[in-house]
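Residue strings, one per chain:
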Amino acid sequence: MSETEQNWDKMALAYEDFTSGTDSYSCQIEWPCIQKMLPPLSGKTVIDLGCGTGRFTFWLEKEGARRMVGADIADNMLSIAQKKAQETGSRAVFMKADISAPFTDEKFDVLFSSTVTHYIQDLNALFRLIHGMLNQEGVAVLSVMHPVYTAQYPIRHDSVFPTDDEWTIRYLDRRERAYIQPWIEYNDSIDNFLSRSYHHTFSDYGNAIIGAGLEIVEMQEPLPPEEWKEKNPERYDGFIETPSFLILKLKKPA
Ligand SMILES: C[S@@+](CC[C@H](N)C(=O)[O-])C[C@H]1O[C@@H](n2cnc3c(N)ncnc32)[C@H](O)[C@@H]1O
C-alpha cells in the first residue's frame, strides 16, 4: 500500500468533517467557478479522478450526468462516498484505482478532478492518461492546487515535522514536499503526521497538457467572495496572497 493511500485512509473522516460545511473554500470559491466552466453534462458519461468522499461526484451527477464514476486510491474515502450514495439514492459508481497509471479501458465524455494532481509525480503520464480516457472532443475540467500554493509546501526532510518558517514559497524547487495538512493540525481528534506531495509549476502543467495532445480551452484563478473583504478580511487577504485553486478546461481534439 502506498503512503498516499495509507494517509488518505487515516484522514478520511477528518477530511469529510472538514469539507462538508458550506463555508469551505470549495463551496464558496471552487465549485461556483467550476460550474461556469463545465460543459452541459446532461446525458454525458463523467469520471471524477481522485473523487475522495465524493462531494464533487454528487454535485456533477446533479448537473445531469447519465453515468457518473468516481475513482480513488483510498478505501476509507471510497467507503464514505459509497455510504453517502446509498443514503441519497445516487447512482454514482465508485471504484478503487491508482490514477498514476492507466486503470480502465472505458472512455468518458467529461473528466473531472479536484485537488489531486499534486499527489501525482509524473504529470506527463497523468495528462496522457487523461487524453486516453476521453472520447474525441471530450472535455476535462481540472481544479488543481494553485502552483503558488504548492510552492510554499515545506521541502521533505527525514520525517521531522517542518517548522512554520519552512512554509515559504520555493517556486522553482521541484523537490518532494512533506507537511502536516493545515486542516489536520487544527483537528484535535487526529494525530499530526506528514503528508507528502509534489509541487508542479505553470510550465509543468502547460507542457504536460500540450505534450499529451490536449487543447487548453480556458483557465481560471477564482477570487474569494467580495463580501469576505468586509466580513473576513484576514481570510480574504490570505487567499489573495496564496490562492488555492487553478482551474483548467481542456479538450481532446477531434
Ligand atoms: C485533497 S483530496 C480531494 C478529494 C476530492 N477530489 C475532493 O475535492 O473532495 C485528494 C484525493 O486524492 C486521492 N489520491 C491521491 N493520490 C491518488 C492516486 N494516485 N490515485 C487515486 N487517487 C489518489 C486521495 O486518496 C484523496 O481522496
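Asker: Provide a residue-level description of the overall build of the protein chain, including the pertinent values.
Answerer: The helix and strand tally for the protein chain stands at 10 helices and 9 strands. Its C-alpha radius of gyration of 18 Å places the protein chain within 12% of the 18 Å reference for a compact globule of 254 residues. Oriented by its inertia axes, the alpha-carbon framework of the protein chain measures out at about 50 × 45 × 40 Å. Scored against the burial criterion, the 254 residues of the protein chain give a buried share of 53%. Of the contacts formed within the protein chain by residues at least 6 apart in sequence, a portion of 71% connects residues at least 24 apart. For the protein chain, the exposed surface amounts to about 12,400 Å²; the carbon and sulfur share of it is 49%.

Asker: Can you explain unusual backbone geometry? Please cite residues and give values.
Answerer: Its identity as a non-glycine residue notwithstanding, Thr115 has a phi of 50°, on the positive side. Relative to the helices and strands, Thr115 resides in the loop between strand 4 (108-114) and helix 5 (123-133). Owing to a relative accessible area of 16%, Thr115 belongs among the buried residues under this scheme. Backbone geometry places Glu137, a non-glycine residue, at a positive phi of 65°.

Asker: So what's going on with the state of the cysteines? Which residues, and what values?
Answerer: The full count for this structure, using the stated rule, is 0 disulfides. In this model Cys27 remains outside any disulfide bridge; the closest cysteine sulfur is found in Cys33, 14 Å from its own. Of the residues examined, Cys27 reaches a relative accessible area of 22% and is grouped as partly exposed.

Asker: For the sheet that holds strand 3 (residues 93-96), give the residues involved together with the corresponding values.
Answerer: Pairing within the open sheet is mixed, and its 7 strands lie in the order 3-2-1-4-5-9-8. Strand pairing shows two members of the sheet lacking a second neighbour, strand 3 and strand 8 (215-220), which therefore form its edges. Here the average twist between neighbouring strands, direction ignored, is 20°. With 4 bridges joining them, strand 1 (residues 45-49) and strand 4 adopt parallel strand pairing.

Asker: Kindly report on the site of the ligand, identifying the contributing residues and their values.
Answerer: Around the ligand, 20 residues are found, and the nearest of them are Gly50, Arg55, Asp72, Asp98 and Ile99. Contact distances for the ligand include 2.6 Å between an oxygen atom and a side-chain N or O atom of Asp72. The separation between a nitrogen atom of the ligand and a polar main-chain atom of Ile73 is 3.2 Å. Within the complex, 96% of the 590 Å² of free accessible area of the ligand lies under protein. Among the elements of the structure, helix 1 (3-19) and helix 3 (55-62) are those that each provide at least two residues to the shell around the ligand.

Thresholds, definitions, all that
- Residues numbered from 1 in each chain as written.
- Predicted model: local features only at pLDDT ≥ 70, side-chain atom pairs only at ≥ 80, totals over all residues.
- Heavy atoms only, no water.
- Helix = DSSP H or I, 4+ residues; strand = E, 2+ residues; numbered from the N terminus.
- Rg over C-alpha atoms; globule rule 2.2 N^0.38 Å.
- Buried < 20%, exposed > 50% of the residue type's maximum accessible area, 1.4 Å probe, protein only.
- Contact = heavy atoms within 4.5 Å.
- Areas by Shrake-Rupley, 256 points an atom, 1.4 Å probe, with all protein chains shown as cover.
- Disulfide = S-S within 2.5 Å.
- Pairing = 2+ DSSP bridges.
- Axes fitted to C-alpha atoms, helices over the stretch in contact; angles between N-to-C directions.
- Near = heavy atom within 4 Å.
- Polar contact = N/O pair within 3.5 Å; in protein donor to acceptor, adjacent residues only side chain to side chain.

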